[in-house]
Amino acid sequence: VAIQLDVVSLPAGPMRLLAGWFDEARGSGTPGARAMVLATADPSGAPSARTVLATVIDDSGVTFHSSHPTRKTRDLAANPRASAVFGWYGIGAQVVLTGTVELLPAAEADAAFAARPRYLQLLAWAYERPPAQEDLAGAAARERERWGGRVPDRPPGWLGFRLRPEVVDFWRGPVGAGPAAPDTGPDTGPDTAHERVRYALGAGSWHLSRELP
Ligand SMILES: Cc1cc2nc3c(=O)[nH]c(=O)nc-3n(C[C@H](O)[C@H](O)[C@H](O)COP(=O)(O)O)c2cc1C
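Residues numbered from 1 in each chain as written. Predicted model: local features only at pLDDT ≥ 70, side-chain atom pairs only at ≥ 80, totals over all residues. Heavy atoms only, no water.

Caption draft 1: Focus on the site of the ligand. As a structural note, the neighbourhood of the ligand is formed by Arg50, Thr51, Val52, Leu53, His65, Ser66, Thr70, Arg71 and Lys72. Within the side chain of Ser66, an N or O atom sits 3.3 Å from an oxygen atom of the ligand. Coverage of the ligand by the protein chains reaches 53% of its 620 Å² of free accessible surface. Sorting elements by how many residues they give to the shell around the ligand places strand β2 (residues 47-53) first, with four residues. (Near = heavy atom within 4 Å. Polar contact = N/O pair within 3.5 Å; in protein donor to acceptor, adjacent residues only side chain to side chain. Areas by Shrake-Rupley, 256 points an atom, 1.4 Å probe, with all protein chains shown as cover. Helix = DSSP H or I, 4+ residues; strand = E, 2+ residues; numbered from the N terminus.)

Caption draft 2: Focus on the pattern of salt bridges. Here the structure, examined in full by the defined rule, presents 13 salt bridges. Ionic pairing is found between Asp169 and Arg196, a salt bridge with its closest N-O pair at 2.4 Å. Residue Asp169 is found in strand β7 (residues 158-172), and its partner Arg196 is found in strand β8 (residues 195-202); the two are separated by 27 residues along the sequence. Note that Arg198 is salt-bridged to Asp169, the shortest N-O span being 2.7 Å. Of this pair, Arg198 sits in strand β8 while Asp169 sits in strand β7, placing them 29 residues apart in sequence. Taking the relative accessible area as the measure of exposure, Asp169 reaches 10% and is therefore buried. (Salt bridge = Lys/Arg side-chain N within 4 Å of Asp/Glu carboxyl O. Buried < 20%, exposed > 50% of the residue type's maximum accessible area, 1.4 Å probe, protein only.)

Caption draft 3: Main features of the packing of helix α4 (residues 118-128) against helix α5 (residues 136-147). It is at 8 Å that the axes of α4 and α5 come closest, and there the two elements cross at 110°. Accordingly, the angle class assigned to the pair α4 and α5 is roughly perpendicular. When the axes of α4 and α5 are compared, the crossing they make is right-handed. Contacts from Arg118, Leu122, Leu123, Trp125, Ala126 and Tyr127 in α4 reach Leu136, Ala139, Ala140, Glu143, Arg144, Arg146 and Trp147 in α5. Along the lines of polarity and charge, the residues of the contact of α4 with α5 split into nine nonpolar, no polar and four charged. (Axes fitted to C-alpha atoms, helices over the stretch in contact; angles between N-to-C directions. Parallel < 35°, antiparallel > 145°, perpendicular 65-115°, else oblique. Left-handed = near helix turned anticlockwise from the far one by under 90°. Contact = heavy atoms within 4.5 Å. Nonpolar A, V, L, I, M, F, W, Y, C, P; charged D, E, K, R; others polar.)

Caption draft 4: Fine view of the packing of aromatic side chains. For the coordinates displayed, the defined rule picks out nine aromatic pairs. Between Trp21 and Phe170, the ring centres sit 5.2 Å apart and the planes meet at 80°, which makes this aromatic pair edge-to-face. With a gap of 149 residues between them, Trp21 in helix α1 (residues 14-27) and Phe170 in strand β7 connect regions that are remote in the sequence. Looking at Trp21, the relative accessible area reads 7%, which means it is buried. Overall, Phe170 belongs to the buried group, its relative accessible area being 0%. With 6.2 Å between their ring centres and 55° between their planes, Phe22 and Phe86 make a pair best called tilted. With Phe22 in helix α1 and Phe86 in strand β5 (residues 81-88), this pair connects stretches of sequence that are 64 residues apart. (Phe/Tyr/Trp six-rings, centres within 6.5 Å; stacked < 30°, edge-to-face > 60°.)

Caption draft 5: Inspection of unusual backbone geometry at higher detail. Following His68, the chain continues into Pro69 via a peptide bond in cis, with omega recorded as 5°. Tracing the backbone shows Pro69 in the loop between β4 (61-67) and α2 (71-78). One non-glycine residue, Ala203, lies in positive phi territory at about 50°. Turning to its location among the elements, Ala203 is positioned in the loop between β8 and β9 (205-211). Relative accessible area serves as the criterion here: at 87%, Ala203 is assigned to the exposed category.

Caption draft 6: Looking closely at α5. The first and last C-alpha atoms of α5 sit 16 Å apart over 12 residues, in line with the 16 Å expected at 1.5 Å per residue. What α5 keeps buried is the set Leu136, Ala139, Ala140, Glu143 and Trp147. All buried residues of α5 project into a common sector of 100° when viewed along the axis, lining one side. Exposed residues pointing more than 90 degrees away from the buried face of α5 are listed as Ala137 and Glu145. On its buried face, α5 is in contact with α4. Phi turns positive one or two residues past the end of α5, at Gly148, with a value near 50°. (Expected span 1.5 Å × (residues − 1). Arc of directions from axis to C-beta.)

Structure, rendered in structure tokens:
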């Protein structure tokens, strides 16, 4: 496998590389390319993780959305430190981001909500007054009725967040690496084909290093 993470030719910051891999994963048909596993911790340090969908990736970070209150939104309100993992196993790639999560300004969250499919907008309203689990479809139907032909506003509990990374690790291996890798035996695995580079923010600029995979 050719070296794909040649530090000499990598961009000065991680976000352009991340956006490029994101496009590559989506273009390759990797299932769930937008999904990232977000890990948070409560004030006592107890971790928890779950999948969220990344909506925008740009120089300032990665945005995602969540209804509030949930465990993640409570954790983040008390402790904004977080980590997120994109696992693009179909192209043999992983990106791990660690940094701080901030709340998006209301106008940005409004715009993101407005861009969502209507059924998700109505579902967000159904979540706003949590019905019993079995009644969610009924709650969504009531919301459909309530909003009629109008465009639903953003419910106050539907929030946007931006993960601003301070460390970003890019891992690349042979396609099929990850959970579904075939067992090739102790001496025949393509170990040398794994690569990892790290971008770390220090004094306002990114430092790039090659790490053991
Ligand atoms: C593919 C996939 C995408 C998801 N996207 C989101 C999302 O964008 N935002 C969200 O709040 N939950 C999303 N969820 C649900 C979360 O994983 C989680 O169950 C929920 O947010 C409650 O998590 P919490 O109590 O840990 O905060 C998604 C789940 C899956 C499997």
